[in-house]
Amino acid sequence: WVLPHWVRHFSPSSLGMFQRCPEQYRQRYILGIKERPTSNLTLGTSIHNTFEHNLIQKIESQQDLPTSEVVEYYLDKGWPDAIERDGGSDEIEWTRDETEARNTGVKMATVFHEQVSPRIQPLSTEEEFTLEWGGPRPLFGKIDCTTELDVHDWKTSSKKVNKMKPAWRLQGGIYMAAKQKPVSWDIVTSAKEPSVVTPFESED
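The following refers to the structure shown. (Residues numbered from 1 in each chain as written. Predicted model: local features only at pLDDT ≥ 70, side-chain atom pairs only at ≥ 80, totals over all residues. Heavy atoms only, no water.)

So, about the layout of surface pockets. Estimated volume of the second largest pocket: approximately 280 Å³. Together, 20 residues line the second largest pocket, and M164, V183, S184, W185 and D204 are the ones closest to its centre. Mapped onto the lining of the second largest pocket, the elements with two or more residues apiece are helix 6 (166-179) and strand 4 (183-189). (1 Å grid on protein atoms, 1.4 Å probe; cavity = no way out; pocket = protein on both sides within 12 Å on 5 of 7 lines; lining within 4 Å. Points joined across faces, edges and corners; volume = space filled by probe spheres on them. Helix = DSSP H or I, 4+ residues; strand = E, 2+ residues; numbered from the N terminus.)

Here we take up helix 4 (residues 67-85). Its 19 residues place the ends of helix 4 25 Å apart at the C-alpha level, agreeing with the 27 Å of an ideal helix rising 1.5 Å per residue. In helix 4, a bend of some 45° at Y74 exceeds every other bend along the element. Close packing links the buried residues of helix 4 with helix 3 (39-61) and helix 5 (98-115). Within two residues after helix 4, G87 carries a phi angle of roughly 95°, on the positive side. (Expected span 1.5 Å × (residues − 1). Bend = angle between axes of the 7 residues up to and from the residue. Contact = heavy atoms within 4.5 Å.)

Moving on: the packing of aromatic side chains. Scanning all chains against the criterion turns up 11 aromatic pairs. Note on F18 and Y25: the rings are 5.7 Å apart at their centroids and 90° apart in plane angle, and the pair reads as edge-to-face. Among the aromatic residues, those joined into a ring-pair cluster are F10, F18, Y25, Y29 and W133. Between R28 and the ring centre of Y29, over which it is positioned, the NZ or CZ distance is 4.8 Å. (Phe/Tyr/Trp six-rings, centres within 6.5 Å; stacked < 30°, edge-to-face > 60°. Lys NZ or Arg CZ within 6 Å of the ring centre and 35° of its normal.)

Remember, this is a structural readout, not a statement about activity or role.
Structure below.
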């Protein structure tokens, strides 16, 4: 359990992993044993990048891109870049057909863009922060989106989620310490017909 030199910081996600299963954290971060990325992880990355693409330009324009442009970006950039980041199609564990996963992403990007993006006027996206907290390494993280009133974290889920998961509470506490703002979770499902859940749909 001695931290190796390559562990330069903790993150909300790595602390969340430790909270769920210390042995999984040891395998991943201390022994450096990585699991193959799954299609759900790749899909989540591609969707996340697509959300960010729209909101980056919205910081100045204060207007969302047309849905057609968001979908085009997802197909031309968001999806291919996510596959490349995960080592290519052959390295991904496809729990669903690759074409099906890509097409599901089109629906996810569309429903988020049309239902959630209009509610958000971002001040920043992917904002980095570092916190000294008395631990053996500093806390480092990136915040998906910050607005005048709150912090938004984007999640993808295979099924509808109406309540926060334990790891989200830890993550939210870290984000609140970094920004001194409340945290909202915007969740989009990767079901056959994707839907969104935000504080507007579920107070929990």
